[in-house]
Amino acid sequence: MYWSFIALALVAPSADALLRFACSQLVTERLDPLVNPGVAQSPHLHQVVGGNSFNISMDPNNDPSSLASCTSCTFSEDFSNYWTAVLYFRAQNGSFHRVPQIGNELFEQANGGVTVYYSPPNSGKAKVTAFKKGFRMLVGDTSCRNAACASKYRQLTYTCLQTPGTRTGETKDMPKKPCPAGIMANIRFPTCWDGTNLDSPDHKSHIAYPSSGTFESNGPCPSTHPAQVPQLFYETVWDTRKFNDKSLWPTDGSQPFVWSNGDPTGYGLHGDYVFGWKGDALQKAMDANCNINCPQLKSQQIPAGNKCTKPAIVNENIDGWIDELPGGMPITSS
Ligand SMILES: *[C@@H]1O[C@H](CO)[C@@H](O)[C@H](O)[C@H]1NC(C)=O
Ligand SMILES: *[C@@H]1O[C@H](CO)[C@@H](O)[C@H](O)[C@H]1NC(C)=O
């Protein structure tokens, strides 16, 4: 009895509280309702997950949870959209091929997409303000091509997967050697909010990083951005395995992968978020300090999430061997 009591105490809730769930691919297309609302098409290609109300424009006054009829995420009250750039392989002859995407090892059934995390500050021991209806944000800078530029965004990294479970050795630039189980891109958003603005002209100024330390070390929020919001974190796994043969790689010793925004360095990693949880479901989950599973939330199985897809608004050739990146996006290394 004594020992089982100890064991229970060791796994007391709130130790590592976080929501973690699969969101399968919804659509891959050149739209960006945050940065280029109303524009068909956006300059570069995105892969998008979440609610099927993703659209060319997403008016913040419209609630995705009432417009969408399905979500590709396993928490079925989450009609948010999460999107990133798309990885391409550049062959020696200059042709490009889209790198396929897979679910991470926890969610192998997922048809690619993003593993999404929402972590409350201080593992649920501090007050957390969940994102609200109309909230959106962007992290990273599509134009960054060097470490100094990328250093404004502390936690945008790559993991060179030796096995699907590798979680060490994050780098800020694209891995330089073949990664036997693929490349995982890790996008962690800032965790301090100004408490008022649901968005800002650059989609970034209403959020900030802790003024000292990090989210993980429970660093305090700056006085300008006092509200602690959950840490939103995307993991995307790019299945580079069929491009790992070094004889296919550039003869100058550089690595062959390039983001759809024309970035061969990796420093231009960025992610976008449009909130779309139903009602106060996310706040409830945060307040309940849910850890992975969350009985307070409605959920669906991964195969049901896989079924939620939507056609691209404008069809263009993004697969097979293509002569240029979608949209003719030029490659710039500085
Ligand atoms: C997308 O927006 C158009 C208007 O721009 C609208 O007609 C259409 O119903 C919207 N689609 C979805 C899935 O919300
Ligand atoms: C370019 O290289 C790839 C990979 O070797 C090959 O499959 C493709 O057919 C080539 N494309 C052209 C236009 O030669």
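Parameters at a glance
Residues numbered from 1 in each chain as written. Chains lettered and ligands numbered in written order. Predicted model: local features only at pLDDT ≥ 70, side-chain atom pairs only at ≥ 80, totals over all residues. Heavy atoms only, no water. pLDDT = per-residue confidence, 0-100. Contact = heavy atoms within 4.5 Å. Salt bridge = Lys/Arg side-chain N within 4 Å of Asp/Glu carboxyl O. Helix = DSSP H or I, 4+ residues; strand = E, 2+ residues; numbered from the N terminus. Buried < 20%, exposed > 50% of the residue type's maximum accessible area, 1.4 Å probe, protein only. Core = buried A, V, L, I, M, F, W, Y, C linked by side-chain atoms within 4.5 Å. UniProt positions renumbered as here; feature names shortened; annotations may be inferred. Polar contact = N/O pair within 3.5 Å; in protein donor to acceptor, adjacent residues only side chain to side chain.

As recorded in an unreviewed UniProt entry, the chain goes by DUF1996 domain-containing protein and comes from Venustampulla echinocandica.

Right, let's talk about the confidence of the model for the chain for a bit. Overall, the prediction assigns the chain a mean pLDDT of 93, with 95% of residues at 70 or greater. A low-confidence stretch, residues 1-14 stays under pLDDT 50, and its non-local contacts, those more than four residues away or across chains, total three contacts.

Per the stated rule, a full pass over the model turns up ten salt bridges. Where Asp 319 meets Arg 98, a salt bridge forms, and the shortest distance between an N and an O atom there is 2.8 Å. Here the residue Asp 319 occupies a position in the segment after α5 (302-307), and Arg 98 occupies one in strand β6 (residues 96-98), the gap between them amounting to 221 residues. With relative accessibility at 35%, the residue Asp 319 sits in the partly exposed group. With its nearest N and O atoms 2.8 Å apart, the salt bridge here joins Asp 239 to Arg 241. For Asp 239, a relative accessible area of 11% corresponds to the buried category.

Residues Leu 19, Phe 21, Tyr 82, Tyr 118, Tyr 273 and Trp 277 are the most contacted members of the largest nonpolar core, which totals 67 residues. In terms of nonpolar packing, the next biggest core, distinct from the first, is built from eleven residues, Leu 26, Phe 54, Trp 83 and Cys 308 among them.

Using the residue numbers shown here, the UniProt feature "domain: DUF1996" (unreviewed entry) corresponds to residues 32-277. The distance separating the terminal C-alpha atoms of residues 32-277 is 19 Å; by composition the span is 3% helix and 26% strand.

Attention now goes to the environment of His 270. With respect to the helices, strands and loops of the structure, His 270 is situated in strand β17 (residues 270-274). On the basis of relative accessibility, which here comes to 6%, the residue His 270 falls in the buried class. Sequence separation of His 270 and Tyr 118 is 152 residues, and the distance between their C-alpha atoms is 17 Å. The residues contacting His 270, other than those within four sequence positions of it, are His 44, His 46, Thr 84, Ala 85, Val 139, Gly 140, Asp 141, Thr 142, Ile 187 and Asn 261. Polar side-chain contacts of His 270 include one of 3.2 Å to the side chain of His 44. Within polar-contact distance, the side chain of His 270 engages the backbone oxygen of Gly 268 at 2.8 Å.

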